[in-house]
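Each chain is listed here by its residues.
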Amino acid sequence: MKRKIELSLIALCMFLGLVSQPMECCSEEVETYVQILPFTPNLGEVRLTDLDGNVVGDVDVAREYLVSFDLLDKNGIYDISSVHVRIYYAGSGGLIPSSPDKRCSYEVVWENNGSSGTWQSYPAGYLGAHTSFKKLSPCLFEYCFPFVLDKVSVPSGSENTWRVEVRVEDNSGLECTYDDLFFDVNDYIEWTGVPSQINLSSIDSEPESPWTLDSPISIQTCITSNTQVNVNFKANALEFNDIMIDPGSYFTICAGVCPIGGSIVGGYEDEKPVSSELTSIYQGVFSSSCTLNPSVDGYIDCQNGLVSFAIDLQAGKQVPYVPAGTYLSSWTFSIERGSGITL
């Protein structure tokens, strides 16, 4: 019995000795990776609309429009580097202007800066006010690119056209493009400098005195147009109560400055009596030629688009023997598109 107890004590001591020894441990680092494949961005439907959301096929210059579309990128918004929208005159469909130009080529660019992005137009100054970027989901985004065409942008019509091209670039070097949206640009004509009132009173307004102005009335106007124009004039009768004065019997008009592309017609380079019918004085006026659209001879930018008139009294005319009063009339200066049809 004593022997068994001794053996048990020895075994217990050996066990305790094993337990009391420190346990050693070891570790290794293992490289792990997850591969995410780059996803080519995918454009949804590209639309050209006005600010009310109506789809349009022709646009007016100096008015804001939107190029809108959805963009899908499964790598998320941080994978998108930039989005470029080009708007350019394409002739019969295949012409591509080489650089931004207010006459025929525009580019609006969105660059990703990690928040809502930054916007810029080339040439500068033609980015509209309604820029928009929305995150619809982690991988789906909505863009609205606003633009405004300059007043001298090339007009187009039945045979020639403008084109919209969208190009998306991502940080993996992948890109997608869309260039199958076409539209037309309408003719545009405006001028400034036509006075709202003209005072034709003589120096001495007594009935028996010569009807002489202090000096000829000089009217200088500035035209802006994306096509060539004709300039017309008409003088209606001067009236007071039931009394009328025929202006053609007393007043003359003379054409002065004309842009280099136009011509003075009807002999108005010299003084002629004003006409009671709308009469062309300048014809085919333009200051720069247009080689892009063969149906448009040229265009006028206001700085180089000056035309002028001088209104005076016919030599030797007396003030007519009519009752005293203020005789009123409306004299019309008008401009219209020159010959030809925009193609």
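Look above for the structure.
Here the structure is a predicted model, which means the values were calculated and not measured. (Residues numbered from 1 in each chain as written. Predicted model: local features only at pLDDT ≥ 70, side-chain atom pairs only at ≥ 80, totals over all residues. Heavy atoms only, no water.)

**Remarks on the overall build of the protein**
Step number 1: A count of helical and extended segments in the protein gives 1 helix and 24 strands.
Step number 2: Against the 2.2 N^0.38 benchmark of 20 Å for 343 residues, the protein shows a C-alpha radius of gyration of 39 Å, more extended than a compact globule.
Step number 3: Reported as C-alpha extents along the three principal axes, the dimensions of the protein are approximately 165 × 45 × 30 Å.
Step number 4: Across the 343 residues in the protein, those meeting the buried criterion constitute 41%.
Step number 5: Counting contacts in the protein only where the partners sit at least 6 residues apart, residues at least 24 apart contribute 69% of the total.
Step number 6: For the protein, the accessible area works out to roughly 19,100 Å², and carbon and sulfur atoms hold 51% of it.
Step number 7: The average position of the 18 basic charges and that of the 44 acidic charges among the side chains of the protein differ by 17 Å. (Helix = DSSP H or I, 4+ residues; strand = E, 2+ residues; numbered from the N terminus. Rg over C-alpha atoms; globule rule 2.2 N^0.38 Å. Buried < 20%, exposed > 50% of the residue type's maximum accessible area, 1.4 Å probe, protein only. Contact = heavy atoms within 4.5 Å. Areas by Shrake-Rupley, 256 points an atom, 1.4 Å probe, with all protein chains shown as cover. Lys, Arg positive; Asp, Glu negative; His and termini not counted. Charge placed at Lys NZ, Arg CZ, Asp CG, Glu CD.)

**Comments concerning the side chain of D150**
Step number 1: Checked against the element boundaries, D150 lands in the loop between strand 9 (140–148) and strand 10 (161–170).
Step number 2: Despite its burial, D150 remains without a salt bridge, the nearest opposite charge being carried by K102 at 4.4 Å.
Step number 3: Polar side-chain contacts of D150 include one of 2.7 Å to the side chain of Y126.
Step number 4: In this view, D150 contacts V61, K102, Y106 and Y126; residues no more than four positions away in its chain are not counted. (Salt bridge = Lys/Arg side-chain N within 4 Å of Asp/Glu carboxyl O. Polar contact = N/O pair within 3.5 Å; in protein donor to acceptor, adjacent residues only side chain to side chain.)

**Observations concerning the sheet that holds strand 13 (residues 217–225)**
Step number 1: Strand order in this open sheet of 5 strands is 12-13-23-17-19, and the pairing throughout is antiparallel. Only two strands of the sheet have a single neighbouring strand rather than two, namely strand 12 (189–192) and strand 19 (272–273). (Pairing = 2+ DSSP bridges.)

**Section: the sheet that holds strand 18 (residues 263–264)**
Step number 1: Overall, antiparallel pairing links the 4 strands, which are arranged 18-20-14-24 in an open sheet. Of all the strands in the sheet, just strand 18 and strand 24 (331–337) have a single pairing partner and so form its edges.
Step number 2: Bridging between strand 14 (residues 229–235) and strand 20 (residues 279–285) involves 4 bridges; their strand directions are antiparallel. Residue pairing in the sheet places F233 in a bridge with T279 of strand 20.

**Structural notes on the nonpolar core**
Step number 1: With 36 residues, the main nonpolar core has V67, F69, V83, Y143, F145, L149 and V166 as its most contacted residues.
Step number 2: Taken together, the elements giving at least two residues each to this core come down to strand 4 (64–72), strand 5 (80–91), strand 6 (105–111), strand 9, strand 10 and strand 11 (175–185).
Step number 3: At 5 residues, the largest contribution of residues to this core is made by strand 5.
Step number 4: Ignoring anything within four residues of it in the chain, the contact list for V166 reads L43, V46, V67, F69, V83, H84, V85, C176, T177 and Y178.
Step number 5: V229, V231, Y327 and W331 belong to the second largest nonpolar core, which has 32 residues in total. (Core = buried A, V, L, I, M, F, W, Y, C linked by side-chain atoms within 4.5 Å.)

**As for the pattern of salt bridges**
Step number 1: As enumerated under the stated definition, the model contains 7 salt bridges in all.
Step number 2: The partner of K151 in a salt bridge is E190, with the nearest N and O atoms 3.2 Å apart. In this pair, K151 is assigned in the loop between strand 9 and strand 10 and E190 in strand 12, connecting sequence segments 39 residues apart.
Step number 3: A residue is classified by how much of its surface remains accessible, and K151, at 28% relative accessible area, is partly exposed.
Step number 4: For E190, a relative accessible area of 23% gives the class partly exposed.

**Examining the layout of surface pockets**
Step number 1: The computed volume of the largest pocket comes to approximately 780 Å³.
Step number 2: Lining the largest pocket are 28 residues, with N199, L200, S201, L238 and Y327 sitting closest to its centre. (1 Å grid on protein atoms, 1.4 Å probe; cavity = no way out; pocket = protein on both sides within 12 Å on 5 of 7 lines; lining within 4 Å. Points joined across faces, edges and corners; volume = space filled by probe spheres on them.)

**A word on the state of the cysteines**
Step number 1: This model, assessed by the stated rule, comprises 1 disulfide.
Step number 2: Here C222 connects covalently by a disulfide to C302, the sulfurs 1.9 Å from one another. In this pair, C222 sits in strand 13 while C302 sits in the loop between strand 22 (298–299) and strand 23 (306–313), placing the two residues 80 residues apart along the sequence.
Step number 3: Under the relative-accessibility criterion, C222 is labelled buried at 11%.
Step number 4: Free of any disulfide, C139 has its nearest cysteine sulfur in C176, 14 Å distant. (Disulfide = S-S within 2.5 Å.)

**Observations concerning empty space enclosed by the protein**
Step number 1: As enumerated under the stated definition, the model contains 1 cavity of 30 Å³ or more in all.
Step number 2: Around the largest cavity, the lining residues are Y106, E107, V108, S121, Y122, Y126, F147, V148 and L149.
Step number 3: At the level of elements, strand 6, strand 7 (118–122) and strand 9 are the ones that each hand at least two residues to the lining of the largest cavity.
Step number 4: When residues of the lining of the largest cavity are assigned to their parent elements, the largest contribution, 3 residues, is made by strand 6.

**Side note on the packing of aromatic side chains**
Step number 1: Applying the stated criterion to the full structure yields 21 aromatic pairs.
Step number 2: Ring-pair connections join several aromatic residues into one group, and the members of that group are W211, F233, Y250, F251, Y282, F309, W331 and F333.
Step number 3: Here K272 stacks its cationic end above the ring of Y268, 4.8 Å away from the centre of that ring. (Phe/Tyr/Trp six-rings, centres within 6.5 Å; stacked < 30°, edge-to-face > 60°. Lys NZ or Arg CZ within 6 Å of the ring centre and 35° of its normal.)

**Focus on the pairing of strand 13**
Step number 1: Of all 9 residues in strand 13, 7 are buried; the element is thus mostly enclosed.
Step number 2: Here strand 12 pairs with strand 13 via 4 bridges, running antiparallel. Residue pairing for strand 13: I189 is matched across the bridge by S225.
Step number 3: Two elements, strand 13 and strand 23, share 6 bridges in a ladder whose sense is antiparallel. Looking at strand 23, one finds that Q220 is bridged to S308.

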